[in-house]
Amino acid sequence: LGEIRGSALAFTDSGDESQLQLFRQHSQYISDAAEHLRKLTADNARQQERLNELESLSKNYVAQLQSSAQSTETPASVSPSKSAAIRSLDSQESQVNGVLRRMDQEEIRLLNQRLSNWNREFWRTTGVLALALFVALGALAYNFRLLSREIVRTQDSERSQRENVRSSRALSARILDLQDAERRR
C-alpha cells in the first residue's frame, strides 16, 4: 500500500506515465496477493472474513488513490478537499494495517497452537517408542536368560547322559565279569 501510494503521489506531482504504470502494477499485485491469501486461509472462516474486510478496504484505498491521482489540481495547491482526501487515505491505511495486524496475530496464534499440538504428539510418540524399545530390550534380556538356562540344562543333561553311559559300561563290564566268573565255577 505504501508503494502504491508513493506511485500515485509521484504521478500526481510529476505526471510521469511510468509512475502510473507502477500504480497499475501495484494494484494488480494487491489483487493477486488477496487471491493468494484467500487460498492460504481457505480453512479458516475468521481469516476469510478479515480478508473480505481487507479486500474491501484496499479496493476503497486504491480507488481513492486513483481518483486523487487523476485530479487536475496543480501540485502546489493543496485544497481543503485534497487535505481531507489525504487524511482519509491515512485513516484507511491505518484500518488496513489494523486488519493485517489482526490477521497476523491470528496466524501466529494458529501457528503456536499447531506447534504445541505437534510438540505434544512428538513427545507422545517418543514416549511410545521409548516404551516399545524398553519392552523389546526386556523381552530380549528375558529370552537371553531363557536361552542361557536352556544351555545350562542341556549341558547338565549331556553330562548326566555321559555319566549314565559310563555307569552303563561299567555295569555291563561288571555283569560280564560276574557271568565269566559264574561260568568258570
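Note that the structure is a prediction, hence the values are computed from the model and not measured.

To continue, consider the nonpolar core. When a protein is soluble and globular, its nonpolar side chains tend to lie buried together. Ranked by size, the top nonpolar core spans ten residues in total: Ile4, Ala8, Phe11, Leu20, Phe23, Ile30, Tyr61, Val62, Leu65 and Leu89. Looking at this core, the elements that each hand over two or more residues are helix H1 (2-14), helix H2 (17-40) and helix H3 (45-69). Beyond its immediate sequence surroundings of up to four residues, Tyr61 is in contact with Leu1, Ile4, Arg5, Leu89, Gln92 and Glu93.

With respect to the helices and strands, Glu121 occurs in helix H4 (residues 80-184). A polar side-chain atom of Glu121 sits 3.0 Å from a polar atom in the side chain of Arg124.

Turning to the packing of aromatic side chains, a few remarks are in order. The final tally for this structure, using the stated rule, is two aromatic pairs. Seen from their ring centres, Trp118 and Phe122 are 5.4 Å apart, and the 15° between their planes marks the pair as stacked. Note that Trp118 and Phe122 are positioned in helix H4 at a spacing of four residues, about one turn of the helix. Overall, the relative accessible area of 37% leaves Phe122 in the partly exposed class.

Turning our attention to H2. When the terminal C-alpha atoms of H2 are compared, their 35 Å separation across 24 residues agrees well with the 34 Å that a helix rising 1.5 Å per residue should span. Buried within H2 are the following residues: Gln19, Leu20, Phe23, His26, Ser27, Ile30, Ala34 and Arg38.

Now for the pattern of salt bridges. Taken as a whole, this structure holds eleven salt bridges when the rule is applied. The shortest N-O distance in the salt bridge between Glu106 and Arg46 comes to 2.9 Å. Of the two residues, Glu106 is situated in helix H4 and Arg46 in helix H3; the sequence distance between them amounts to 60 residues. For Glu106, a relative accessible area of 6% corresponds to the buried category. Looking at Arg46, the relative accessible area reads 42%, which means it is partly exposed. With a shortest N-O distance of 3.6 Å, Arg102 and Glu53 are connected by a salt bridge. Highlighted residues: Arg102 in helix H4 and Glu53 in helix H3, separated in sequence by 49 residues. According to the relative accessible area criterion, Arg102 is partly exposed, its value standing at 34%. If you follow the salt bridges from partner to partner, you end up with Arg46, Arg50, Glu106 and Arg109 in one network.

A few words on the environment of Thr41. Relative to the helices and strands, Thr41 resides in the loop between H2 and H3. Between the alpha carbons of Thr41 and Leu51 there is a distance of 8.8 Å; along the sequence they are ten residues apart. Each residue touching Thr41, except ones within four places of it in the same chain, is listed here: Gln47, Gln48, Leu51 and Glu107.

Calculation criteria
- Residues numbered from 1 in each chain as written.
- Predicted model: local features only at pLDDT ≥ 70, side-chain atom pairs only at ≥ 80, totals over all residues.
- Heavy atoms only, no water.
- Core = buried A, V, L, I, M, F, W, Y, C linked by side-chain atoms within 4.5 Å.
- Buried < 20%, exposed > 50% of the residue type's maximum accessible area, 1.4 Å probe, protein only.
- Helix = DSSP H or I, 4+ residues; strand = E, 2+ residues; numbered from the N terminus.
- Contact = heavy atoms within 4.5 Å.
- Polar contact = N/O pair within 3.5 Å; in protein donor to acceptor, adjacent residues only side chain to side chain.
- Phe/Tyr/Trp six-rings, centres within 6.5 Å; stacked < 30°, edge-to-face > 60°.
- Expected span 1.5 Å × (residues − 1).
- Salt bridge = Lys/Arg side-chain N within 4 Å of Asp/Glu carboxyl O.

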